[in-house]
Amino acid sequence: MKNNEKESSLSTSQLIAIIIYLVAFLAINFISSQITSTQGATIGKTMGELREVSQTGNVDGVLQKASSLIALLRKGAATAGTVTQISSLMSAFITLAIYKKGFYVAFVCNFISTAYIVIKIVMIGNTEAIPGVISAVVTLILITIIYLFSKKLSEKNNEIAKSYAQIVETNKVIKEKDEKLSYLAYYDILTKLPNRHMFIEKINETILNASNSPFTVLLVDIDNFKQINDAYGNQSGDVMLVTYAEKLKLFCQDSIFLGRIGGDEYGFIIQGNLTEANILNYVEKIQNIISEPIQINNTMVSSTASIGIASYPNNAVNSSDMLRCLDSAVYFAKANGKNRPCFYEQH
C-alpha cells in the first residue's frame, strides 16, 4: 500500500517540471496565436492590395505584391513550424521525464490545443489553421508512441530487476546450502569438532608443511562406551561425548588439533619433537579429563580411555599408515587391560 502511494505521488521536482511545462505550453500557444493573427491580417491586407493592383493591369505591381505575399506565407509557415517543433519537443521531454503523469499532462494539453484549432476551422472557416491541426495530431501520436515504448521498456526493466533479485536470492540459498554441506563434510554434528575426514586432511597438510619436522598423533578411545549406552541410553551417551568434547577443546586451545574421528574416538595432533615424557604428560591430562564424573539422569558416571600413540616420521609417513598404527596401538592397549596408553613401537 505504501509503495502504491509512493508511486502515485509527485515529487517536488516533478511538480515544478509540470508547472513549467504548462506555463511554457500556454505561453508558446498564446504567442503563436498572436503571431498568426497578426500575420493573417497582414496576409489578408496584401491579398486585397494584390487584387486591386491586378485590376489596374499593372504587371510590375502585381509581381511585387505576389512576391510580398509569398514571403509572408513562407514567414508564417516558418513561424508555425518553429512553434510546433518547440511544443513537440516540450511534450516529448515531459513524457520521458515524468513518464505516466507527464504523458497525461502533455496529451491533455495537446488534445485541447487540437480541439481549439478544429473549432476555429469549423466555426470560423480558418483554413490556414489546417497545418496546425496536422502538427498537433502528429505531436499526440509522437508522445503516445514515446509513452508506450517507455512503458514497455519499464516493464522489461522491472522483469530484469525481478529476475536479478531472484538470481541473487537463489545464489544466496545455494551459498548457504554449500556452506552447510561444507560444514557437514568436515565437522561432526554432535560435538561440533572436526570429523574424521577433516582430521585425515589435517594429518596430510601437517606432513606436507612439516618438511620432515616431527609431530605426534594420539587416538583416544573411550573404554566401555557401548555398555554406558546400553545402561543409560544413547542420549546419555551423546551427553558424555559432548561434555568430553567441550573439556578437551579447553585443554587443547589452539596449539593442539582436536577431532572426533569415530563414534567414541577423539584424535589429537601435537606439533613438535616430543619426548616420551612430554607425550605421557599430555596423555595423563587427557585421562584425567575423561575420568572426571559426568552427571547422567541424577547419576554420576565416569569412564576411562585407551590411548594409541604414533609419530611422524618414525612410525608413519602418510595419513593411512598413521591411522593404521594408531588403531593397532589402541587395540593393544584395550587387549592389555584398557585405561592405558600404548606407543606403536611398544608392540
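Scroll up for the structure.
This structure is a prediction, so every number in the text was calculated from the model and none was measured.

Caption draft 1: Structural context of the pairing of strand β6 (residues 305–312). Taken across its eight residues, β6 has eight buried, putting it largely inside the fold. Side chains Ala305, Ile307, Ile309 and Ser311 of β6 all project onto a buried face; the interleaved residues Ser306, Gly308, Ala310 and Tyr312 project onto the opposite face, where all are buried too. Following the backbone out of β6, through helix α9 (residues 319–335) and into the adjacent parallel strand β7 (residues 341–343), one traces a crossover that is left-handed.

Caption draft 2: How the structure looks around helix α7 (residues 234–252). In this model α7 runs 26 Å from its N-terminal to its C-terminal C-alpha over 19 residues, within 8% of the 27 Å that 1.5 Å per residue would give. Those residues of α7 lying buried are Ser236, Gly237, Met240, Leu241, Thr243, Tyr244, Ala245, Leu248 and Cys252. A positive backbone phi angle near 55° is found at Gln253, which sits one or two residues after α7.

Caption draft 3: Representation of a nonpolar patch on the surface. Residues Leu10, Leu15, Ile19 and Val23 make up a contiguous nonpolar surface patch of roughly 350 Å² in combined accessible area. Here Leu15 lies in helix α2 (residues 12–56).

Caption draft 4: A look at the sheet that holds strand β1 (residues 215–222). Pairing within the open sheet is mixed, and its five strands lie in the order β2-β3-β1-β6-β7. Each edge of the open sheet is held by one strand with a lone partner, namely β2 (256–262) and β7. When strand polarity is set aside, the average angle formed by the axes of neighbouring strands in this sheet is 20°. One ladder, built from seven bridges, connects β1 with strand β3 (residues 265–271); its direction is antiparallel.

Caption draft 5: Seen up close, unusual backbone geometry. The residue after Tyr312, namely Pro313, is reached through a cis peptide bond having omega 5°. The topology assignment puts Pro313 in the loop between β6 and α9. Its identity as a non-glycine residue notwithstanding, Asn339 has a phi of 50°, on the positive side. Inspection of the secondary structure assignment puts Asn339 in the loop between α9 and β7. Relative accessible area serves as the criterion here: at 41%, Asn339 is assigned to the partly exposed category.

Caption draft 6: Focus on the pattern of salt bridges. Taken as a whole, this structure holds seven salt bridges when the rule is applied. Residue Asp188 is joined to Arg260 by a salt bridge in which the shortest nitrogen-to-oxygen separation is 3.0 Å. Of the two residues, Asp188 sits in the loop between α4 (130–186) and α5 (196–210) while Arg260 sits in strand β2, which places them 72 residues apart along the sequence. Comparing Asp188 with Arg260, the two get one shared label, buried. Among the charged side chains, a salt-bridge network with shared partners connects Asp221, Asp223 and Lys334.

Caption draft 7: Structural detail: the environment of Glu284. The topology assignment puts Glu284 in helix α8 (residues 276–291). Here the alpha-carbon distance between Glu284 and Arg340, two residues 56 residues apart in the chain, equals 9.5 Å.

Caption draft 8: Seen up close, the layout of surface pockets. Roughly 200 Å³ of volume is contained in the second largest pocket. What lines the second largest pocket is a set of 18 residues, among which Leu274, Ile279, Ser311, Asn314 and Glu345 lie closest to the centre. Looking at the lining of the second largest pocket, the elements with two or more residues in it are β1, α8 and β6. Ranked by residues supplied to the lining of the second largest pocket, first place goes to β6 with four residues.

Conventions we followed
Residues numbered from 1 in each chain as written. Predicted model: local features only at pLDDT ≥ 70, side-chain atom pairs only at ≥ 80, totals over all residues. Heavy atoms only, no water. Buried < 20%, exposed > 50% of the residue type's maximum accessible area, 1.4 Å probe, protein only. Helix = DSSP H or I, 4+ residues; strand = E, 2+ residues; numbered from the N terminus. Right-handed = clockwise from strand over helix to strand, strands pointing away. Expected span 1.5 Å × (residues − 1). Patch = residues over 30% accessible without salt bridge, like charges linked within 9 Å, V, L, I, M, F, W, Y side chains within 5 Å. Areas by Shrake-Rupley, 256 points an atom, 1.4 Å probe, with all protein chains shown as cover. Salt bridge = Lys/Arg side-chain N within 4 Å of Asp/Glu carboxyl O. Pairing = 2+ DSSP bridges. Axes fitted to C-alpha atoms, helices over the stretch in contact; angles between N-to-C directions. 1 Å grid on protein atoms, 1.4 Å probe; cavity = no way out; pocket = protein on both sides within 12 Å on 5 of 7 lines; lining within 4 Å. Points joined across faces, edges and corners; volume = space filled by probe spheres on them.

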